[in-house]
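# Residue-level structure breakdown
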Amino acid sequence: MSAIIVLGIVLFVLMLLVGGKQGLQSFLSLILNFGFLFFSIVLIAFHFPPIIVTIITGVIVLALTIFLSGTDDNTSGLAFLSSILVLFILVLLIVPMEHWAQVQGFGLEDSDDLEGLSILIGINFVKIEIATAILSTLGAIAEATMAIASGLDEIKEQHSEIKPSRLLFDGIYVGKQIIGTTLNTLFFGLFGGSLSLFVWFHSLNYSFGDILNDKVFDAQLIVILFSLIGVILTIPITSLVIAEKWRKDNN
Amino acid sequence: MAKLLNKLPFKMILAFLLGGILLITFANHDDFLYQKPIFKVETAKKISTDKSTDSFQNTDYTYQQKLTGHIINGQYKGKKISINNSYTMSRAMDHKYYPGQKAFIILHKSGGLNATIKDYKRDVPIIFLMYLAIALLCIFLKFSGITAVGSIIINTILFMLAIYLDGFNNGNNVLLIFSALAAVFSAITLLVIIGHNRQMYVTLASTIICTFISIILSLIVFKFTHEKGIFYESMQYVTQPPRPLFLASTIIGSLGAVMDESTDIISSLFALKMERPQISKKQIFLSGRNIGKTIMGPLINVLFFIFMGETLSMTLLFLKNGNSWGYSFSMNMSLGMVQSLISGIGIVLAIPVASALTSLFAKESQK
């Protein structure tokens, strides 16, 4: 049996043992997310507009991840709304930045892997890179909105007379606690993902300037920076959405 | 809303805005720092268009443009040259130049001064985005933002040192070096985030134990499946034996997420223990499990999308080159998938391990 399937079964059993029904739902969302990710690549290969396909996939993936991670529906709904807002702001940042930075497609380091492949495929790789960036940030946005929304939910439950402005303040406080660790998830992900690339840079004596302008590295770096900016934006936006809803409910 | 606006630190925003303008202005004029010759485009004119169709019926266009401009650094500074550049509609490995943009060039001195374009100069947008992220961190999170950036800088330096050490040994001890780095990474990061106390040691133990067990578990799976379906030859940018390099990058990549999960669970449990000192060990363990299971799903997704996202361009290229879905997946996404699964296992393991460690060791602090 393929190692991927066995690893998947190990993960599934562990999630089921530790999380019960919630574990089952989370595993299901992982499978569905993979399905939607692969399906969107296939759609792009069939010349559907990449950015639109990705935004639709993004909304579906956010919904799946947030609603299937299993807190109550009210919180999940607000978290979902906030995550969509963050996604759209990020898209507005990603599109011009990708045009400016021009990190699409492949770099000189990819030459070996491209041997025998035709790269003239008639699809604009700038759009593909925009799609990549949007998809890569989805996980981080979903995680941050869930963390803040469930943190605030806990507070609402314990102090049912809390003022909306106070709730907003608490949201930022919860955000401060999660940002340090989320930053680590993202940057260790970057370190891990670019490890072999850095070994390459070192053995071929790239200078600092070479690395700063390297297409392949920059593509990975800006995806992490987009995710980071997404997480930072999530903190005030989620807090604001939840506080506003709380204000409406109390009036 | 108005209240919120009043709370925004306007002085800080203004300072960052000013600093940003200065930094970007400097980055726009940093050409003198580069050894390689840089060319600034002044005029760009399209001179020809070619339509091409490959053997898989992909239609694309190749354009030629004539660029004129000046070299703006080095010994040929101020020399005016013209360069032909070709770009394609798909832009996979090329770039369409507009007036005002800069490029690194290679000079050929045979028979006058000729040059070919090497690559687009993209340091300004990269610096801009880094600065934007740091500024937002500091504005929204104040002091916590600054410490977070500090820990990233320290870790980057350590990472570079490890890469250097690995190169020094020609990659013989890559797994050992990066396992050690993983331990040092976790210790430093947790010291910065949590501070030097019992909670930090419990979190550190949980992070290291779970990362370690997840790798051991995976190695066992690899052994029994004979690594079927894992294509190390598809790994990119390898200059060393790929297998240990892959494992090393998986350890480092999953470390942050395992740390994230452990920190979230343990800090909540320590807070709980402080509020209710009489709470039983079993109760602590169960609370830890409750906190952990809501965050594990989203957290696994974070790494999943980062690891899989970067394979998108190459997978698409494989699909457009007439390869089947299965082959395109295997050659591009299988390694990212394995990495996601291994880190997922580490993240899930962190729930019982972090909860158990806290229930065992939080108690002793009361004595």
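Basis of the calculations
- Residues numbered from 1 in each chain as written.
- Chains lettered and ligands numbered in written order.
- Predicted model: local features only at pLDDT ≥ 70, side-chain atom pairs only at ≥ 80, totals over all residues.
- Heavy atoms only, no water.
- Contact = heavy atoms within 4.5 Å.
- Buried area = accessible area lost by both parts, 1.4 Å probe.
- Salt bridge = Lys/Arg side-chain N within 4 Å of Asp/Glu carboxyl O.
- Polar contact = N/O pair within 3.5 Å; in protein donor to acceptor, adjacent residues only side chain to side chain.
- Helix = DSSP H or I, 4+ residues; strand = E, 2+ residues; numbered from the N terminus.
- Nonpolar A, V, L, I, M, F, W, Y, C, P; charged D, E, K, R; others polar.
- Patch = residues over 30% accessible without salt bridge, like charges linked within 9 Å, V, L, I, M, F, W, Y side chains within 5 Å.
- Areas by Shrake-Rupley, 256 points an atom, 1.4 Å probe, with all protein chains shown as cover.
- Lys, Arg positive; Asp, Glu negative; His and termini not counted.
- Charge placed at Lys NZ, Arg CZ, Asp CG, Glu CD.
- UniProt positions renumbered as here; feature names shortened; annotations may be inferred.
- Buried < 20%, exposed > 50% of the residue type's maximum accessible area, 1.4 Å probe, protein only.
- Phe/Tyr/Trp six-rings, centres within 6.5 Å; stacked < 30°, edge-to-face > 60°.
- Axes fitted to C-alpha atoms, helices over the stretch in contact; angles between N-to-C directions.
- Parallel < 35°, antiparallel > 145°, perpendicular 65-115°, else oblique.
- Pairing = 2+ DSSP bridges.
- Expected span 1.5 Å × (residues − 1).
- Bend = angle between axes of the 7 residues up to and from the residue.

### Here we look at the interface of chain A and chain B
Tallying the contact residues gives 115 residues for chain A and 126 residues for chain B. Summing both sides of the interface, chain A and chain B together bury roughly 10900 Å²; the carbon and sulfur share of this comes to 76%. A salt bridge links B:Lys36 to A:Asp210, with the nearest nitrogen and oxygen atoms 2.8 Å apart. Counting across the interface, chain A meets chain B through 26 residue pairs in polar contact (both at pLDDT 80 or more). With 25 residues, helix α1 (residues 3–45) of chain A is the largest single contributor of residues to the side of chain A that touches chain B. Classifying every residue of the side of chain A that touches chain B gives 66 nonpolar, 39 polar and 10 charged.

### Points about a negative patch on the surface
A surface patch of negative charge is lined by A:Asp72, A:Asp73, A:Glu154 and A:Glu157. Turning to its location among the elements, A:Glu157 is positioned in helix α5 (residues 125–158).

### Things to note about the UniProt feature "transmembrane region" (unreviewed entry) in chain A
Residues and elements named next belong to chain A. The UniProt record annotates "transmembrane region" (unreviewed entry) at residues 30–46, 51–70, 76–95, 183–201 and 221–243. Segment residues 76–95 splits into 100% helix and 0% strand. End C-alpha atoms: 28 Å apart. Annotated as residues 221–243, this span is 100% helix and 0% strand, and its ends, taken at the C-alpha atoms, are 34 Å apart.

### Some remarks on the UniProt feature "transmembrane region" (unreviewed entry) in chain B
If you check UniProt for "transmembrane region" (unreviewed entry), the listed places come out as residues 124–141, 148–168, 174–194, 201–225, 299–319 and 339–362 of chain B in our numbering. As annotated, residues 124–141 of chain B comprises 100% helix and 0% strand, and the C-alpha atoms at either end are separated by 25 Å.

### With respect to unusual backbone geometry
One non-glycine residue, A:His47, lies in the positive phi region at around 70°. By relative accessible area, A:His47 is classed as partly exposed at 48%. Positive phi values are uncommon outside glycine, yet B:Arg91 reaches one of about 55°. Examined against the element boundaries, B:Arg91 turns out to sit in the loop between β3 (80–88) and β4 (102–108).

### Some words on the pattern of salt bridges
Residues and elements named next belong to chain B. According to the stated counting rule, one finds 10 salt bridges over all chains in the structure shown. When the shortest N-O distance is used, the salt bridge between Asp 31 and Lys 102 registers 3.3 Å. With Asp 31 in the loop between α2 (10–28) and β1 (38–53) and Lys 102 in strand β4, this residue pair connects regions lying 71 residues apart in the sequence. Just as Asp 31 is buried, Lys 102 falls in that class too. Three or more residues joined by partner-sharing salt bridges are found here, namely Asp 30, Asp 31, Lys 102, Lys 121 and Asp 123.

### Describing the packing of aromatic side chains
Each aromatic ring pair is characterised by the separation of its centres together with the angle its planes make. Residues and elements named next belong to chain A. If you walk through the whole model with that rule in mind, you get 27 aromatic pairs over all chains. Each ring, one from Phe 188 and one from Phe 191, has its centre 6.1 Å from the other, and the planes form 75°; the classification is edge-to-face. Highlighted residues: Phe 188 and Phe 191, both in helix α6 (residues 164–193), separated by 3 residues, approximately one helical turn. Per residue, the accessibility class of Phe 188 equals that of Phe 191, and both read buried.

### Quick notes on the packing of α5(A) against helix α9 (residues 312–320) of chain B
Two numbers describe how α5(A) lies on α9(B): the axes approach to 9 Å, and their chain directions differ by 130°. One way to sum up the angle between α5(A) and α9(B) is to call them oblique. Across the interface between the two elements, A:Phe125, A:Ile128, A:Glu129, A:Thr132 and A:Leu135 of α5(A) pack against B:Leu312, B:Ser313, B:Leu316 and B:Leu317 of α9(B). Its residues assigned to classes, the contact of α5(A) with α9(B) shows 6 nonpolar, 2 polar and 1 charged.

### Let's talk about the pairing of strand β5 (residues 114–120) of chain B
Residues and elements named next belong to chain B. Relative to β5, β4 runs antiparallel, the two sharing 6 bridges. Following the sheet pairing, Ile 106 is matched in β5 by Thr 116. In textbook terms, the turn of a hairpin is the stretch between consecutive antiparallel strands, and for β4 and β5 this stretch comprises 5 residues, one of which, Gly 111, has a positive phi near 65°.

### Thoughts on the sheet that holds β5(B)
Residue and element names in this part refer to chain B. Strand order in this open sheet of 5 strands is β3-β2-β1-β4-β5, and the pairing throughout is antiparallel. The open sheet has two free edges, formed respectively by β3 and β5, since each of these has just one partner strand. Within the sheet, the average angular offset between the axes of one strand and its neighbour, ignoring direction, is 40°. Two elements, β1 and strand β2 (residues 59–71), share 13 bridges in a ladder whose sense is antiparallel. Residue Ser 48 lies in a different strand from β2, and its bridge partner there is Gln 64.

### Considerations on helix α11 (residues 334–361) of chain B
Residue and element names in this part refer to chain B. For α11, which comprises 28 residues, the first-to-last C-alpha distance of 40 Å matches the rise-based estimate of 40 Å (1.5 Å per residue) to within 8%. Where α11 bends most, the angle comes to about 30°, and this point is Ala 350, followed within four residues by the proline Pro 352. The element α11 is largely enclosed, with a buried count of 24 among its 28 residues.

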